Amino acid sequence: KYYSPLIKLHSANTPLHQKAKLEIKATKLPIKYQNKALLATFDKDQKVVAVGGEWKDGAVKANIINFGNYFITVDTIAPEITPINISKGSNLSNSSTIMLTVKDDFSGIAKINGYIDGNWVVFDYDKKNNLIQYKFDKTRLTKGISHMLEIVVKDAKDNESRYKCDFTW
């Protein structure tokens, strides 16, 4: 869905020397989507790609780095969380890490939080491979008992996914 006219700025193959501010007024954007609105453009294969931006005073404002065609759209789809080496009831006593993939196909991953037994733990994020990983810490976790993992992932437009499972380590 497009919530503005298509704004054509010169040629998409022409980069800017520095970032430029672009503001596009919305047309018929429902109130419930205002916090999900962002600017988008097309890549060389004509696939829609997010540029970003924020809703303010009836328009979306963002910085752009290229000329091209721009419009307002919304991101309402939550990121995906896919477990790699963990599932409900898994025994990870012979593992040194918990691994999952996280992906967001539009506005991008903005925040990742991991909790074990309700306590926040550090997950390393390999953005290139969409991989998050927690290395077990003997000083924080008791070995040989059941634990509860919760992962919370938000994209740049506050769409949220959660993954929960119990495991033994």
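Details of the structure are given in the entry above.
The notes below deal with the structure included here. (Residues numbered from 1 in each chain as written. Predicted model: local features only at pLDDT ≥ 70, side-chain atom pairs only at ≥ 80, totals over all residues. Heavy atoms only, no water.)

**Here's the deal with the sheet that holds strand S16 (residues 160-168)**
The five strands are arranged S9-S16-S15-S11-S12 in an open sheet whose pairing can be described as mixed. Each end of this open sheet is capped by a strand with a single partner; those strands are strand S9 (90-91) and strand S12 (119-121). (Pairing = 2+ DSSP bridges. Helix = DSSP H or I, 4+ residues; strand = E, 2+ residues; numbered from the N terminus.)

**A look at the pairing of S16**
Residues Ser161, Tyr163, Cys165 and Phe167 point to one face of S16 and are all buried, whereas Glu160, Arg162, Lys164, Asp166 and Thr168, pointing to the other face, are not buried. Inspection of the sheet shows S9 paired to S16 by two bridges, in the parallel sense. Looking at S16, one finds that serine 90 is bridged to phenylalanine 167. By the bridge criterion, nine bridges tie strand S15 (residues 146-155) to S16 in an arrangement that is antiparallel. (Buried < 20%, exposed > 50% of the residue type's maximum accessible area, 1.4 Å probe, protein only.)

**Some points on the nonpolar core**
Ranked by internal contacts, the top residues of the largest apolar core, which has 20 residues, are Ile86, Ile98, Leu100, Phe123, Leu149, Ile151 and Phe167. For this core, the secondary structure elements donating two or more residues are strand S10 (97-103), strand S14 (131-135), S15 and S16. Core analysis: the second largest hydrophobic core is formed by twelve residues, Val60, Ala62, Tyr70 and Val74 among them. (Core = buried A, V, L, I, M, F, W, Y, C linked by side-chain atoms within 4.5 Å.)

**Here's the deal with the packing of aromatic side chains**
Going through the model one piece at a time under the given rule, you end up with six aromatic pairs. Here the aromatic rings of phenylalanine 42 and phenylalanine 71 are separated by 5.2 Å at their centres, their planes lie at 40°, and the arrangement is tilted. Residue phenylalanine 42 is located in strand S3 (residues 37-42), and its partner phenylalanine 71 is located in strand S7 (residues 68-74); the two are separated by 29 residues in the primary sequence. On the accessibility criterion, phenylalanine 42 (25% relative accessible area) is partly exposed. (Phe/Tyr/Trp six-rings, centres within 6.5 Å; stacked < 30°, edge-to-face > 60°.)

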